[in-house]
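# Coordinate inspection notes
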There are 2 protein chains.
Amino acid sequence: MWKEFEIPPSLGIYGSKETASEALSRIWGKRGAFTCTVASTLTSTIPGISDAGNTPELTLFTGPADAEILLHGKALCMNEIPINPGNIPTPATLTMAALQLSDMPCYIINGGCKIAPQIPFFDVGATYGEKITTGQSVKNVKEIFEKGKILGKNLAKGNDFIVISESIAGGTTTALAVLMAMGVLKENLVSSSSPKNPKKLKTCVVNEGLKAAGIKIGDLIHDPLKAIEYVGDPMQAVNAGMLIGAAKTIPTIMGGGTQMAAIIAAALELDPSIEGNILHGTTRWLVEDKYSDICGIMDRINRNIPLIYTNINYSTSQYEGLRAYENGFIKDGVGCGGSSIAAIATSSGRIDCDALFNKVQNIYRDIINVY
Amino acid sequence: MWKEFEIPPSLGIYGSKETASEALSRIWGKRGAFTCTVASTLTSTIPGISDAGNTPELTLFTGPADAEILLHGKALCMNEIPINPGNIPTPATLTMAALQLSDMPCYIINGGCKIAPQIPFFDVGATYGEKITTGQSVKNVKEIFEKGKILGKNLAKGNDFIVISESIAGGTTTALAVLMAMGVLKENLVSSSSPKNPKKLKTCVVNEGLKAAGIKIGDLIHDPLKAIEYVGDPMQAVNAGMLIGAAKTIPTIMGGGTQMAAIIAAALELDPSIEGNILHGTTRWLVEDKYSDICGIMDRINRNIPLIYTNINYSTSQYEGLRAYENGFIKDGVGCGGSSIAAIATSSGRIDCDALFNKVQNIYRDIINVY
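Note that the structure is a prediction, hence the values are computed from the model and not measured. Counting restarts for each chain, with residues numbered from 1 along the sequence as it is written. Whichever chain is written first becomes A and whichever ligand is written first becomes 1, with later ones labelled in order. With pLDDT at 70 or above as the cut-off, local features in this predicted model cover only qualifying residues; side-chain atom pairs require 80 or more to be listed or tallied, and sums for whole chains, interfaces and linings still use all residues. By convention in this description, side-chain values take in all heavy atoms of the structure and omit both hydrogens and water.

Labels follow the DSSP assignment, with helices taken as runs of H or I lasting at least four residues and strands as runs of E lasting at least two, numbered in each case from the N terminus. Scanning chain A from N- to C-terminus turns up 14 helices and 11 strands. C-alpha extents for chain A along the principal axes are approximately 50 × 50 × 40 Å. Any residue under 20% of the maximum accessible area for its type is buried, any over 50% is exposed, and the rest in between are partly exposed; the area is computed with a 1.4 Å probe on protein chains only. Across the 371 residues that make up chain A, the buried fraction comes to 66%. Sequence-distant contacts, at least 24 apart, represent 78% of the contacts inside chain A between residues at least 6 apart. Note on areas: these come from Shrake-Rupley sampling with a 1.4 Å probe, and a residue is covered only by the protein chains present in the view. In the form shown here, chain A has an accessible surface area of approximately 12800 Å², with 49% of it arising from carbon and sulfur atoms. Averaging the locations of the 32 positively and 35 negatively charged side chains of chain A gives two centres separated by 2 Å. Residue contacts are counted whenever heavy atoms from the two residues lie within 4.5 Å of one another. By the counting rule applied here, Lys and Arg register as positive and Asp and Glu as negative, while His and the ends of each chain are not counted. One atom stands in for each charge, and that atom is NZ of Lys, CZ of Arg, CG of Asp or CD of Glu.

The structure is reproduced here in structure tokens:
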């Protein structure tokens, strides 16, 4: 059935080229939809944990503001777009570029926001997560997981493939916690939106969470929903449900870095049958990051899941805020990698990294002028 | 460009066959999505106004329960499916049949429910409507209209056509009120889910609403959003927005009877450019109804909008609850007509009225066994 498929220079692959080519060929020129699950965990307000927001308090606005940017073109719940310290714009700018170039639909899911976004979103009954140091961080996990599943199944009816992604500050810490509770990781390999990844602090917070929950590393290897309930965040439960619901029938791009790795691990434990429909999609920035190891994490989860990344490069930008991406800031988020891969695939490669870069430059210029 | 298109016997047309054929040919074999906006107006609790629910209080559960049936297969917010007095099942049974046969995706929009449905739904910030006798029945009309527009525009990106529909008890009374405030109707031509349409009571309630709002018939001819705010319901504002958002680019089936007529009138006043993309879709039961006049209403609104209906017939059913449809009960609702037309069109006519009838029989049999 399958003919050799040429991977375009805009995309890079970690692992088996053959598996990745086969997966890409099934979404090439097909109709996709982008989804982004936005949420909050109070974990992000622990000083030093998250740079996804200019201050610890502002991190709670990051998810909803990103959702507003994607659907409305500008943030409504705050006066500017989410920025990391140093005026580095949210990766939603790249997601916007991918959506505008490809004209894909964009569905926002409220995965539990402290502040609800002021745009149409899917409600799945989720509320924001508590600090994982409480050892009891997510409410009604089962309900939001099941609703996620219904939603994923429904989206699979109307689309050839979908992208699942997230915007939740503090999410790499909750990802680390779930991966450790499941025993996938015994040490901190996860990423950060800051180049000086606060690894010690994250490990410390995670250990405090595990202790408060009364569990040790690997105790919840077969109960990922319990791991999420104790030390995860609500976005994880919703996205794990969506992944299982969608990937039963259609290829599903998990757009993101270590956060999506945790969800892939959880979903595969709950339903191994979806393996062949999962594509992990991220950016060159994350794969090349010296301070985290997405490839190592995925090797431990499942070597059959293709890890695909965009070769986007901001080094020639005249804007300092964009060039910062080349120095280890941000790396992925708001499905910027997954949406770029989807845009490239749905357009049969007509959209490439140059087009995405030019569009991001225009979007960033307009944003600077608006705010 | 357009070749002659044969209308199948499962479909009937009121008005120009040429216009209807041309419209149908544009959605034939194409990929569609079904949407249903569920909501509540306290108007339905005025005794005698609505039969969409076994008692006046139960009418507030009808919208959310219909939404749950469509996505979950059974009602969650109440112990049985919505029924009209006399054990006549909700028209959602026919909608389910159309969705199951066609495998179309189904998106629920919370257009302002008193009780939120326990399934994933689009939140557009709507709250339930007050009694129209207050003369101030819908809050934040502008906001929910604008969010509806964003949603419609977004759905238009991922689908070749969509169906817009409703489940709101008391909705024909609010439709009459808006049509009178806009001056489209000067008398009561609207439908009812009961064969003994309580026309006098409805007219009386509408007149009380107009008086409370300080307006006369036709005063708001050019301000439909004001008409909705004063004497309408929140579903109308959301669906008018969705219609304008979607029909800017894709054919849009307005699935329903007089309620959809009011929304078509409102949307055309706000944006006449969408005319060519509107299809009005209903059932033979409504078109043949002796106690209302959907054809007369549409003649007054716009003769260019094709009115298409399914020739579905329940007269040979062994179930009394279904045969009642042939005696003037229910007639349309929950987009049962629109979804049937969409199922027929998306399958290029492979699905027909016989198939729909057989599926409804199975669904009804299962429901009787479950509850």
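Let's pick the thread back up.
Residues and elements named next belong to chain A. With respect to the helices, strands and loops of the structure, Lys211 is situated in helix H6 (residues 199–213). Looking at Lys211, the relative accessible area reads 71%, which means it is exposed. Separated by 77 residues in the primary sequence, Lys211 and Thr134 have C-alpha atoms spaced 9.2 Å apart.

With that out of the way, let us pick up the interface of chain A and chain B. The partner chain B presents 24 residues to the 24 residues of chain A that form the contact. Buried area between chain A and chain B, both sides added, is near 2300 Å², and the carbon and sulfur share of it is 56%. Buried area adds together the accessible area that both of two parts lose upon being put together, with accessible area traced by a 1.4 Å probe. Considering only the surface of chain A that becomes buried against chain B, Arg31, Pro120 and Asn154 of chain A emerge as the three largest contributors, covering 25% of it. Between Lys or Arg on one side and Asp or Glu on the other, a salt bridge is scored when a side-chain nitrogen of the former is within 4 Å of a carboxyl oxygen of the latter. Our count for the contact surface shared by chain A and chain B stands at 4 salt bridges. The residue Asp160 of chain A makes a salt bridge to Arg31 of chain B at a minimum N-O spacing of 3.0 Å. Within 3.5 Å is the distance limit for a polar contact, defined as a pair of N or O atoms, with the added protein rule that one can donate a hydrogen and the other accept it, and that residues adjacent in sequence qualify only through two side-chain atoms. One can count 8 residue pairs in polar contact (both at pLDDT 80 or more) joining chain A with chain B.

Attention now goes to the pattern of salt bridges. All names here are of chain A. Following the criterion strictly, the structure yields 30 salt bridges over all chains and no others. Its salt-bridge partner being Lys331, residue Asp289 comes within 3.9 Å of it at the nearest N-O pair. With Asp289 in the loop between helix H10 (284–287) and helix H11 (294–301) and Lys331 in the loop between helix H12 (320–323) and helix H13 (336–346), this pair connects stretches of sequence that are 42 residues apart. Looking at Asp289, the relative accessible area reads 10%, which means it is buried.

We now examine the relation of the copies chain A and chain B. Here the copies are matched by least squares. The fit uses the C-alpha atoms of residues with pLDDT of at least 70 in both. Superposition record for chain A on chain B: RMSD 0.0 Å, screw rotation 180°, translation along axis 0.0 Å. Accordingly, the operation relating the two chain copies is best matched by a two-fold axis. Considering only C-alpha atoms, the residue of chain A closest to the rotation axis is Phe122 of chain A, which sits at 2.2 Å. Mapped onto chain B, 100% of the interface residues of chain A again fall at the interface, so both copies present the same surface.

What follows covers the nonpolar core. Soluble globular proteins tend to bury their nonpolar side chains together. Here, nonpolar core refers to any group of buried Ala, Val, Leu, Ile, Met, Phe, Trp, Tyr and Cys residues whose side-chain atoms link them within 4.5 Å. Counting 146 residues, the largest nonpolar core has Leu243 and Ile301 of chain A together with Leu243 and Ile301 of chain B as its most contacted members. Excluding its chain neighbours within four sequence positions, the residues that come into contact with Leu243 of chain B are Ile164, Thr252, Met254, Ile263, Ile264, Ala267, Ile274 and Ile278 of chain B.

What follows is about the side chain of Ser339 of chain A. Residues and elements named next belong to chain A. Secondary-structure assignment places Ser339 in helix H13. Taking the relative accessible area as the measure of exposure, Ser339 reaches 0% and is therefore buried. In terms of polar contacts, Ser339 uses its side chain to reach the backbone carbonyl oxygen of Cys336, at 3.3 Å. With residues up to four places along the chain from it excluded, the contact list for Ser339 reads Phe34, Thr95, Ala98, Met104 and Val163.

Our focus in this paragraph is helix H13 (residues 336–346) of chain B. All names here are of chain B. Within H13, 11 of the 11 residues are buried, leaving the element largely enclosed by the surrounding structure. Regarding H13, the residues found buried are Cys336, Gly337, Gly338, Ser339, Ser340, Ile341, Ala342, Ala343, Ile344, Ala345 and Thr346. Remark: Ser348 follows H13 within two positions and exhibits a positive phi of approximately 55°.

Residue and element names in this part refer to chain B. Axis lines are fitted to C-alpha atoms, over the contacting stretch for helices. Their N-to-C directions set the angle, which ranges from 0 to 180 degrees. Their axes nearest at 9 Å, the elements helix H8 (residues 234–247) and helix H9 (residues 258–270) cross at an angle of 55°. It follows that H8 is oblique to H9 by the angle criterion. Seen along the crossing, H8 lies across H9 with a hand that is right-handed. Contact with H8, carried on its side by Met235, Gln236, Asn239, Ala240, Leu243 and Ile244, involves Gln259, Met260, Ile263, Ile264, Ala267 and Leu270 of H9 and no other residues of that element. Each angle is binned into one of four classes, with values under 35 degrees roughly parallel, values over 145 roughly antiparallel, values of 65 to 115 roughly perpendicular, and all other values oblique. Each crossing gets its handedness from the near helix: less than a right angle anticlockwise from the far helix is left-handed, clockwise is right-handed.

This part covers the packing of aromatic side chains. Stacked, tilted and edge-to-face are the three classes applied to pairs of Phe, Tyr and Trp rings, where Trp contributes its six-membered ring and a pair requires centres within 6.5 Å; stacked means planes under 30 degrees apart, edge-to-face means over 60, and tilted covers the rest. One pass over the full model with this rule turns up 16 aromatic pairs over all chains. Ring centres 5.1 Å apart and planes at 70° place the aromatic pair Tyr319 of chain A and Tyr364 of chain A in the edge-to-face group. Of the two residues, Tyr319 of chain A sits in the loop between strand E11 (307–310) and H12 while Tyr364 of chain A sits in helix H14 (residues 353–370), which places them 45 residues apart along the sequence. In this structure an aromatic cluster arises from ring pairing among Tyr107 and Phe122 of chain A together with Tyr107 and Phe122 of chain B. Over a ring means this: the NZ of a Lys or the CZ of an Arg is within 6 Å of the ring centre and within 35 degrees of the ring normal. Sitting above the plane of the Tyr128 of chain A ring, Lys114 of chain A keeps its charged end 5.0 Å from the centroid. The ring of Tyr128 of chain B carries the charged tip of Lys139 of chain B above its face, separated from the ring centre by 5.7 Å.

Attention now goes to the pairing of strand E9 (residues 252–255) of chain A. All names here are of chain A. A two-sided burial pattern is seen for E9, the buried positions comprising Thr252 and Met254 on one face and Ile253 and Gly255 on the other. Here, any two strands with at least 2 DSSP bridges between them count as paired. Taken together, the 4 bridges between E9 and strand E10 (residues 278–283) define a ladder with parallel strand orientation. Bridge assignment links Thr252 to a residue of E10, and that residue is Ile278.

What follows covers unusual backbone geometry. For residues that are not glycine, phi is negative in most cases, and the peptide bond is trans in most cases. Residue and element names in this part refer to chain B. Positive phi, normally seen in glycine, also occurs at Asp103, with a value near 60°. With respect to the helices and strands, Asp103 occurs in the loop between helix H3 (92–102) and strand E5 (106–110). The class of Asp103 is partly exposed, set by a relative accessible area of 43%.

All names here are of chain B. Mapped onto the elements of the fold, Asn302 is located in the loop between helix H11 (294–301) and strand E11 (307–310). Looking at Asn302, the relative accessible area reads 13%, which means it is buried. A polar atom in the side chain of Asn302 sits 2.8 Å from the side chain of Glu275. Those residues within four positions of Asn302 in sequence are excluded, and the remaining contacts are Leu268 and Glu275.

Now for the confidence of the model for chain A. Each residue gets a pLDDT score, which is the predictor's confidence in that residue and runs from 0 to 100. Looking at chain A, the pLDDT average stands at 95 and 98% of residues meet or exceed 70. Of the two predicted TM-score estimates for the complex, the pTM is 0.95 and the ipTM is 0.93.

Residues and elements named next belong to chain B. Expected span of a helix, by definition, is 1.5 Å for each gap between consecutive residues, and there is one gap fewer than residues. When the terminal C-alpha atoms of H8 are compared, their 20 Å separation across 14 residues agrees well with the 20 Å that a helix rising 1.5 Å per residue should span. For H8, the tally of buried residues reaches 14 of 14 residues, placing the bulk of the element in the interior. Its side-chain oxygen at 3.0 Å from the backbone nitrogen of Met235, Asp233 defines the N-terminal cap of H8.

Attention now moves to the pairing of E10 of chain A. Residues and elements named next belong to chain A. Most of E10 is tucked away, with 6 of its 6 residues classed as buried. Residue alternation in E10 divides its side chains into two sets, Ile278, His280 and Thr282 and Leu279, Gly281 and Thr283, and both sets are buried. By convention, a crossover is right-handed whenever its connection, traced from the first strand over the helix to the second and viewed with the strands pointing away, goes clockwise. In this fold, E9 hands off to helix H9 (residues 258–270), which returns the chain to E10; that crossover is right-handed. By the bridge criterion, 4 bridges tie E10 to E11 in an arrangement that is parallel. Bridge pairing links Thr282 to Tyr309 in E11.

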